[in-house]
Amino acid sequence: MKTAVTTLARTAAAMHFADQTALVAVPILAALVFDASAQTIGLLVACQSLAHLLGSLPFGLLVDRHDLRHLAIVSVAISAVGATGAALGIAFQALALFGISITLAGFGVVLFGLSALSILPRSEPVSALAAANARIELPRAFNDFLVPLAVGLIATIDTATWLFPVVFLVLLWGLQQVRGLPHYPVQKVAKQYNVIKRLRDGVQFVLGHSLLLSVALCAIFWNFAFAALLVSMVPAVQILFAAPAATFGFAMAFFGLGGFLGTWTSRRIGAWVAPKYVLVFGPGSSALAMGVVYFAAQAQVTLPLYVAFFFLGFGPAMWLIAQNSLRQVVAPTPMLGRINAVIQTAIYGVRPIGALVAGGVVGTLGPQAGLALAWAAFGLSFATCLFSGLRRINSFTSLAGDAA
């Protein structure tokens, strides 16, 4: 009999395949199919991330008040509709339809992620949360490696028309898997409990909790940097590295390989390595790796680029699992959806801002300036984590009493 964690892991494999395909394919297809400028690429990347900015908080309310099984099913269906629209946008070269559909698919990813984060602590004890989170993240990490490699190898104008139909078929399989989840009881909430107050309570809890606030700030800077890097890399590959656009896909494959091995490592050592080391190592390795990317672009050599992208995936994958476990432990169960939504907004909602800012910087000053912007933001992410209480967390069990 399948457990909830097994069902979530299988569904996550489909959802992350779709999400990662869009993440890698959008900049490449924008250049190949739509002949897009750096500003347009930045806008499309922003569209993909816009769902996290707009959807996280309202979806957090839904997660706290509705059957998590139903929400997970709806999330996969939303992404499937988005994949269909993206395929039509490419087929008819309708840039607006393509951007809207990518945004819609992103809403599905947001809802699924929040639902899964609330399902896990209802299905697993605190001592098993780190391993369960790693198991859910493993499909993401595997797709982070496999999908960019495949897209980098096959992404041409000829293959672009069937890329998103394949995504749609994979999501249909995910829809079949997610139906195997059990139902979860919904806590009754008084009708007079105002929606705005519920959202404010979630925000205030994060702002008032030093550890969660540090996680949010670290995530804001890191994801701003990552979005800036995504927008800057395709022009950088073509102009600075003098390489084909597919090099970006290969670099993202190394990013995915690092994420996969980081997730696998976290699952194996998470029980006996103090969280403080992981929570500092993730952003620290990112800042160091981005420095390598910057100087590799100046030297016009691609090998260091691949190594740097590997570590951009390795450390942050371990950090993501650790901070997921942290918020599941310290957040009160009735507020878990809203608190996760606030953190998710910080993690992904800042990406449209980073993409738009980087698009303007690259379009005005060139890709080297875009890489410098990403490096500075990664450095701020590391500093935020290093000078916070995150570096003093010895175990998650000792924090369990904080969830009052």
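Before any of the text, the structure's been laid out above.
Residues numbered from 1 in each chain as written. Predicted model: local features only at pLDDT ≥ 70, side-chain atom pairs only at ≥ 80, totals over all residues. Heavy atoms only, no water.

1. What about unusual backbone geometry?
Right, so step 1: The phi dihedral of Ala242 is positive, around 55 degrees, even though this residue is not glycine.
Right, so step 2: Inspection of the secondary structure puts Ala242 in the loop between helix H8 (210-239) and helix H9 (246-269). (Helix = DSSP H or I, 4+ residues; strand = E, 2+ residues; numbered from the N terminus.)

2. Let's talk about a nonpolar patch on the surface
Right, so step 1: A surface patch of nonpolar side chains, amounting to about 410 Å² of accessible area, comprises Leu149, Leu153, Ile154, Trp162 and Val166.
Right, so step 2: Contributing elements (two or more residues each) for the nonpolar patch: helix H5 (126-154) and helix H6 (160-178).
Right, so step 3: Of the residues forming the nonpolar patch, the biggest block, 3 residues, is contributed by H5.
Right, so step 4: Looking at the secondary structure, you find Val166 in helix H6. (Patch = residues over 30% accessible without salt bridge, like charges linked within 9 Å, V, L, I, M, F, W, Y side chains within 5 Å. Areas by Shrake-Rupley, 256 points an atom, 1.4 Å probe, with all protein chains shown as cover. Salt bridge = Lys/Arg side-chain N within 4 Å of Asp/Glu carboxyl O.)

3. Section: the pattern of salt bridges
Right, so step 1: Scanning the entire structure with this criterion turns up 3 salt bridges.
Right, so step 2: A salt bridge links Arg140 to Glu137; its shortest N-O distance comes to 2.6 Å. Of this pair, Arg140 and Glu137 are both found in helix H5, 3 residues apart, which corresponds to roughly one turn of the helix.

4. Details of the packing of aromatic side chains
Right, so step 1: Applying the stated criterion across every chain, the model contains 14 aromatic pairs.
Right, so step 2: Ring centres of Phe226 and Phe255 lie 5.2 Å apart, and the angle between their planes is 25 degrees; on these two criteria the pair is classed as stacked. With a gap of 29 residues between them, Phe226 in helix H8 and Phe255 in helix H9 connect regions that are remote in the sequence.
Right, so step 3: The buried category is assigned to Phe255, whose relative accessible area is 10%.
Right, so step 4: Note on Phe254 and Tyr306: the rings are 5.0 Å apart at their centroids and 15 degrees apart in plane angle, and the pair reads as stacked. Here Phe254, found in helix H9, pairs with Tyr306, found in helix H11 (residues 303-330); they are 52 residues apart in sequence, far enough to count as distant.
Right, so step 5: Given a relative accessible area of 33%, Phe254 falls into the partly exposed group.
Right, so step 6: The rings of Trp222, Phe226, Phe255 and Phe378 are connected pair by pair, giving a single aromatic cluster. (Phe/Tyr/Trp six-rings, centres within 6.5 Å; stacked < 30°, edge-to-face > 60°. Buried < 20%, exposed > 50% of the residue type's maximum accessible area, 1.4 Å probe, protein only.)

5. A short note on helix H7 (residues 195-208)
Right, so step 1: Compared with an ideal rise of 1.5 Å per residue, which puts 14 residues at 20 Å, H7 spans 20 Å between its outermost C-alpha atoms and is within 8% of the ideal.
Right, so step 2: The set of residues buried in H7 consists of Arg198, Asp201, Gly202, Phe205 and Val206. Along the axis of H7, the buried positions cluster into a sector of 125 degrees, meaning they face one direction only. Exposed residues lying more than 90 degrees from the buried face of H7 are Ile196, Leu207 and Gly208.
Right, so step 3: On the buried face of H7, the contacting elements are helix H2 (38-65), H8, H11 and helix H12 (336-348). (Expected span 1.5 Å × (residues − 1). Arc of directions from axis to C-beta. Contact = heavy atoms within 4.5 Å.)

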